[in-house]
Amino acid sequence: MPDRRSFLSPLKHPTYRSIWSASIASNLGGLIQGVGAAWMMASISQSENMVALVQASTTLPLMLFSLLSGAIADNYDRRRVMLTAQVFMFCVSAMLALFAYFGLITPWLLLLFTFLLGSGTALNNPSWQASVGDLVPREDLAGAVSLNSVGFNITRSVGPAIGGMIVAAAGAAAAFAANTVSYFTLIFALSRWQPDLPQQTLPREALGQAIGAGLRYVAMSPNIGKVLFRGFVFGLTASAVLALLPVVARDLVGGGALTYGVMLGAFGAGAIAGALANSRLREALSSEDIVRCAFAGFALSATIIGISPYAIVTSLALLVAGACWVLALSLFNTVVQLSTPRWVVGRALSLYQTATFGGMAGGSWLWGLMAESQGVTNAFFASSLLMIVGVAIGLWLPMPAFASLDLDPLNRFNEPPLKLDIRPRSGPIVVNIDYEIADEDLPEFLAVMVERRRIRIRDGARNWALMRDLENPDIWTETYHTPTWVEYVRHNQRRTKADAEATDRLLALHRGKEKPRVHRMIERQAIPPAGDIFHKTHVDPH
């Protein structure tokens, strides 16, 4: 379990400190831009659904493109990926500012620009989050995740208010221009970072294969699956507050852009408080307890926001909502990172983002439609009821505890010398491993093989099977396939130190004089050409 000192210890690492500081400036600009976009939509459209779609258009790309971005993060230089994303968002933000300045913005064009900015964020986020583990040691990882939340929410507490003042004084175009300038600090910090990356001995995975490997890993990791589902439910229900807050500020409270900015600032201040309390709460409560409290607290806050006509009461409720928001999302993020080895962490985080932000995008659209047809107050009541359902889900799918597994590479595998000349792309490869198991050890052997199967398939094996010799029942053969020789090597290099327990238990159960015999074979078909099977009968016409 993370200790209390780990919260600030990541700042002792200069590169992390530099990029973290630059990201604060960039996040500040992004929040100013968000206020400008939301309030501009509220000004040029009277549709509650169109206002809510600003939030949806920002989060939808995180659902659509995160898995692809995660595969890119795990297979390419993450620093270059982040630089590409930041430069792209700088260009889009500059175009948005120009269009707004010349009065060319329409509701759908505004949604297009926010969608493009969200696409840049979708490309950037998996690489940034996966890079945290490259910037700080594992013992500081939970603290770094919390500090990222603190940094973002420091800007959330003041950025919206600043954005509201900019919009009120100079218009939305000025807010978009401020966001454009904010990208320079992070681009500069990333350009100075020279990561010490391990040398790659294998060719890069194709993106399609990399995406498949990420999906397979998560599918065979039950704990990560629980986090994804709970993150989706939280995003779906909690998105009502941020999606409808411009309407709350305009209609329920009767305020303007500055009121909206101050309310977002209250949400951010609560998020800072939640991030600062994170370490203490993790020591006092289980992961499931924290998530249930976050759901319940957010439900109470949404109910108050939906009925309050007073800005001060709404802001106090937003303080609680902000704390619950960061407690839940930072815990989900940390559990995923601590449960995933480095080779696939970008893809695992991208799937978490796909689930959570997919819930937010769908929720923003859903609550916008409900607010338009049933009223804002009823939309908040409905979201609160679903949040209570989110509490009850914990009885069925409880959150896993913080993992203390050693997910560093095991490094026991040495590529064997081959007498047959094959290329990296040669295949399919069939592997058979023979074990000699005594009858009294069979229950334990079969139990270990259940875990062995999960590890094999998770790391890329196909057609896994366990067979018993009919003539010599003490002999059991584990068999699996890989598409190519390079995938066989990659499969073995993915093994972590935590996986060694299953291997060591199998070796202890093996009764043979030698180690289990490994047969590595390349599959070849012996099918005659079609002409050798089907002979045309030649009939002499004479």
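Our subject is the structure that appears above.
What counts as what
Residues numbered from 1 in each chain as written. Predicted model: local features only at pLDDT ≥ 70, side-chain atom pairs only at ≥ 80, totals over all residues. Heavy atoms only, no water. Helix = DSSP H or I, 4+ residues; strand = E, 2+ residues; numbered from the N terminus. Buried < 20%, exposed > 50% of the residue type's maximum accessible area, 1.4 Å probe, protein only. Contact = heavy atoms within 4.5 Å. Lys, Arg positive; Asp, Glu negative; His and termini not counted. Charge placed at Lys NZ, Arg CZ, Asp CG, Glu CD. Phe/Tyr/Trp six-rings, centres within 6.5 Å; stacked < 30°, edge-to-face > 60°. Lys NZ or Arg CZ within 6 Å of the ring centre and 35° of its normal. Axes fitted to C-alpha atoms, helices over the stretch in contact; angles between N-to-C directions. Parallel < 35°, antiparallel > 145°, perpendicular 65-115°, else oblique. Left-handed = near helix turned anticlockwise from the far one by under 90°. Nonpolar A, V, L, I, M, F, W, Y, C, P; charged D, E, K, R; others polar. Pairing = 2+ DSSP bridges. Expected span 1.5 Å × (residues − 1). Arc of directions from axis to C-beta.

A.B. asks: A description of the overall build of the protein should follow, citing residues and the corresponding values.
C.D. replies: Along the protein, the regular secondary structure elements total 18 helices and four strands. Overall size of the protein, expressed as C-alpha extent along the three principal axes, is 90 × 75 × 50 Å. For the protein, the residues scored as buried account for 55% of the 542 residues in total. If you take every contact in the protein between residues at least 6 apart in sequence, the share linking residues at least 24 apart comes to 86%. Of the side-chain charges in the protein, 43 are positive and 38 negative, and the distance between the mean point of each set is 6 Å.

A.B. asks: So, the packing of aromatic side chains: which residues are in play, and what are the values?
C.D. replies: Counted by the stated rule, this structure contains 18 aromatic pairs. Seen in terms of ring centroids, tyrosine 101 and phenylalanine 102 are 5.1 Å apart; in terms of plane orientation they differ by 85°. Their pairing is edge-to-face. Linked through ring pairs, Phe234, Phe267, Phe295, Phe298, Trp325, Phe332 and Tyr352 together constitute an aromatic cluster. Its guanidinium or amino end placed over the ring of tryptophan 343, arginine 494 lies 4.1 Å from that ring's centre, counting from NZ or CZ.

A.B. asks: A description of the packing of helix H1 (residues 14–44) against helix H9 (residues 257–276) should follow, citing residues and the corresponding values.
C.D. replies: Each pair of packed helices can be summarised by the angle the axes make with each other and by the distance between the axes. Remark: H1 packs on H9, axes separated minimally by 11 Å, with the N-to-C direction vectors making an angle of 135°. By the angle between their axes, H1 is oblique relative to H9. At the point where H1 passes H9, the crossing takes the right-handed sense. Taking contact as the criterion, the partners of Val35, Ala38 and Trp39 in H1 are, on H9, Ala257, Tyr260 and Leu264. Looking at the contact of H1 with H9 residue by residue, the classes come out as six nonpolar, no polar and no charged.

A.B. asks: Break down the pairing of strand S2 (residues 462–468) for me, citing the residues and quoting the values.
C.D. replies: Judged from the five bridges that link them, S2 and strand S3 (residues 475–482) form a sheet pairing that is antiparallel. Residue arginine 468 lies in a different strand from S3, and its bridge partner there is tryptophan 476. Linkage of S2 to S3, two consecutive antiparallel strands, is achieved through a turn of six residues.

A.B. asks: Help me get a handle on the side chain of arginine 79, residues and values and all.
C.D. replies: Structurally, the position occupied by arginine 79 is in helix H3 (residues 78–101). In this structure arginine 79 touches Leu190, Ser191, Trp193, Gln194 and Pro195, once residues within four positions along its chain are discounted.

A.B. asks: Can you break down helix H14 (residues 376–396) residue by residue, with the values?
C.D. replies: Across its 21 residues, H14 extends 31 Å between first and last C-alpha, which sits within 8% of the 30 Å expected from 1.5 Å per residue. Within the span of H14, buried status applies to Val376, Ala379, Phe380, Ser383, Ser384, Met387, Gly390, Ile393 and Gly394. Within H14, the buried residues cover an arc of 155° as seen down the axis, which keeps them to one side. Relative to its buried face, H14 has exposed residues pointing more than 90 degrees away, namely Leu385, Leu395 and Trp396. In this fold, the buried residues of H14 make contact with helix H8 (222–252), helix H11 (287–307) and helix H13 (345–374).

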